[in-house]
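# Survey of secondary and tertiary structure
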Amino acid sequence: MTSHTTPDRPPAGKSDARRRLIRELMLVAGLFAAYKAGRTLSTGRTDEAFRNAGRVWDAERALHLPGEGAVQRLLLHSDALVHTANTYYAAVHFPATALFLVWLYLRRPGHYLWTRRVLAVLTGAALVLHLSFPLAPPRMLDAAQLVDTAQVYGPSVYGAAPEADTMANQFAAMPSLHFGWALMLALGMIAATRSRWRALWLLHPLVTLLVVVGTANHYWVDAAVATLLLGATLLLVPRPAADAAPAVRGLPRPRPAADAVPGTVPETLPEPVRETVPAGGDR
């Protein structure tokens, strides 16, 4: 008697999940690469970027907005504090957003699709504004009299000469996607979770705002425009219903509800079974 053996194959469910994950990673990476490539189109518009910077600075003073230097002076009281702010600017922006998307993909699929669409539309709108309105950051503007904290204290993600920087477009200050993405992260976590402390996620965009202004990478107006763009995007992209996540096709199912976990009390209890007693009869 001969026995036939078949090679082990991964379950179809795991294979499909792996393909979906690879597809999502490629999609997000492709969107990011397109955005980075698009930003470089306005790199050579130095004179226009500085003219716009002067207009923004004058407009802020006409509106009696607080000077960005007030925040920077607080940071400059301590070398450790300003170094921490530079590190936050350089190291938190992209990793925090990536971890946020990964967590939503695994735990809140419906909210993941909504958030991905919101971030894609927001980033696309920001790219259009970057190309149509190149803007030098306040650290480059002589009238602002601010310190380029990243170059002086480190770490820095930008080259010393903006015109020769091939890794980033330093004339894309408006809007501030550092702030826009941080605000969407906070709103997304508030929408996707039920903790009584979920409002604390708003500390992330608040700290980000102080960091981008204090390090002289952005004006107050840059964050305000990012907020307006995000608000318009949220009106255009519908938020998923609370019970829509299990029905999302092509993404992992969310974590089971409490009534499906052994040892927990379900939210709705079945009605008690009533004993039927014949009319005129005894129990």
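The structure this text deals with has already been given above.
Presented here is a report on the structure given in the accompanying data block.

Quick notes on the rules
- Residues numbered from 1 in each chain as written.
- Predicted model: local features only at pLDDT ≥ 70, side-chain atom pairs only at ≥ 80, totals over all residues.
- Heavy atoms only, no water.
- Helix = DSSP H or I, 4+ residues; strand = E, 2+ residues; numbered from the N terminus.
- Buried < 20%, exposed > 50% of the residue type's maximum accessible area, 1.4 Å probe, protein only.
- Contact = heavy atoms within 4.5 Å.
- Areas by Shrake-Rupley, 256 points an atom, 1.4 Å probe, with all protein chains shown as cover.
- Arc of directions from axis to C-beta.
- Phe/Tyr/Trp six-rings, centres within 6.5 Å; stacked < 30°, edge-to-face > 60°.
- Lys NZ or Arg CZ within 6 Å of the ring centre and 35° of its normal.
- Polar contact = N/O pair within 3.5 Å; in protein donor to acceptor, adjacent residues only side chain to side chain.
- Axes fitted to C-alpha atoms, helices over the stretch in contact; angles between N-to-C directions.
- Parallel < 35°, antiparallel > 145°, perpendicular 65-115°, else oblique.
- Left-handed = near helix turned anticlockwise from the far one by under 90°.
- Nonpolar A, V, L, I, M, F, W, Y, C, P; charged D, E, K, R; others polar.

### Digging into the overall build of the protein chain
Secondary structure assignment for the protein chain yields 10 helices and 0 strands. Along the protein chain, helices (α) and strands (β) appear in the sequence α-α-α-α-α-α-α-α-α-α when read from the amino end. Across the 283 residues in the protein chain, those meeting the buried criterion constitute 39%. The long-range fraction of contacts in the protein chain, counting pairs at least 24 apart against all pairs at least 6 apart in sequence, stands at 81%. Here the protein chain has roughly 17000 Å² of accessible surface; of this, 64% comes from carbon and sulfur atoms.

### A look at helix H3 (residues 68–75)
Every buried residue of H3 is listed here: Glu68, Gly69, Val71, Gln72 and Leu75. The arc that holds the buried residues of H3, viewed along the axis, is 155 degrees, so those residues lie on one side. Among the exposed residues of H3, those pointing more than 90 degrees away from its buried face are Arg73 and Leu74. Close packing links the buried residues of H3 with helix H2 (46–62), helix H4 (79–91), helix H7 (149–153), helix H9 (203–214) and helix H10 (220–236).

### As for the packing of aromatic side chains
A full pass over the atoms with the stated rule returns 4 aromatic pairs. Between phenylalanine 50 and phenylalanine 171 the ring centres are 6.0 Å apart and the planes differ by 70 degrees, which places this aromatic pair in the edge-to-face class. Here phenylalanine 50, found in helix H2, pairs with phenylalanine 171, found in the loop between H7 and helix H8 (177–192); they are 121 residues apart in sequence, far enough to count as distant. In this structure, arginine 61 packs its charged tip against the face of tryptophan 57, placed 4.1 Å from the ring centre.

### Quick notes on the side chain of glutamine 72
Structurally, glutamine 72 is set in helix H3. Residue glutamine 72 is classed as buried on the basis of its relative accessible area of 3%. At a separation of 2.8 Å, a polar atom in the side chain of glutamine 72 contacts the main-chain amide nitrogen of valine 147. Contacts of glutamine 72, omitting those with residues within four sequence positions, involve Leu146, Val147, Thr149, Gly214, Thr215 and Ala216.

### Considering the environment of arginine 45
Looking at where arginine 45 falls in the secondary structure, it is placed in the loop between helix H1 (12–39) and H2. We classify arginine 45 as partly exposed; its relative accessible area is 27%. For the pair arginine 45 and leucine 131, spaced 86 residues apart in sequence, the C-alpha separation works out to 9.6 Å. Every residue in contact with arginine 45, bar those within four places of it in the chain, is listed here: Leu131, Ser132 and Pro134. A distance of 3.1 Å separates a polar atom in the side chain of arginine 45 from a polar atom in the side chain of glutamate 48.

### Digging into the side chain of asparagine 52
Looking at where asparagine 52 falls in the secondary structure, it is placed in helix H2. Here asparagine 52 falls in the buried class, since its relative accessible area comes to 4%. If near-sequence neighbours (up to four positions away) are discounted, asparagine 52 is found in contact with Phe133, Pro134 and Leu135.

### Remarks on the packing of H8 against H10
In contact at an axis separation of 9 Å, H8 and H10 are set at 45 degrees when each is read in the N-to-C sense. Relative to H10, the element H8 is oriented oblique. Judged by the twist between their axes, the crossing of H8 over H10 is right-handed. Within the contact between the two elements, H8 uses Phe179, Gly180, Leu183, Met184 and Leu187 and H10 uses Ala223, Ala226, Thr227, Leu230 and Leu234. Class assignment of the residues belonging to the contact of H8 with H10 gives a composition of 8 nonpolar, 2 polar and no charged.

### Topic: unusual backbone geometry
Between glycine 154 and the following residue, proline 155, the backbone shows a cis peptide bond with an omega angle of -10 degrees. Position of proline 155 relative to the elements: it lies in the loop between H7 and H8. Along the chain, methionine 174 connects to proline 175 via a cis peptide bond; the corresponding omega equals -5 degrees. By secondary structure assignment, the location of proline 175 is in the loop between H7 and H8.

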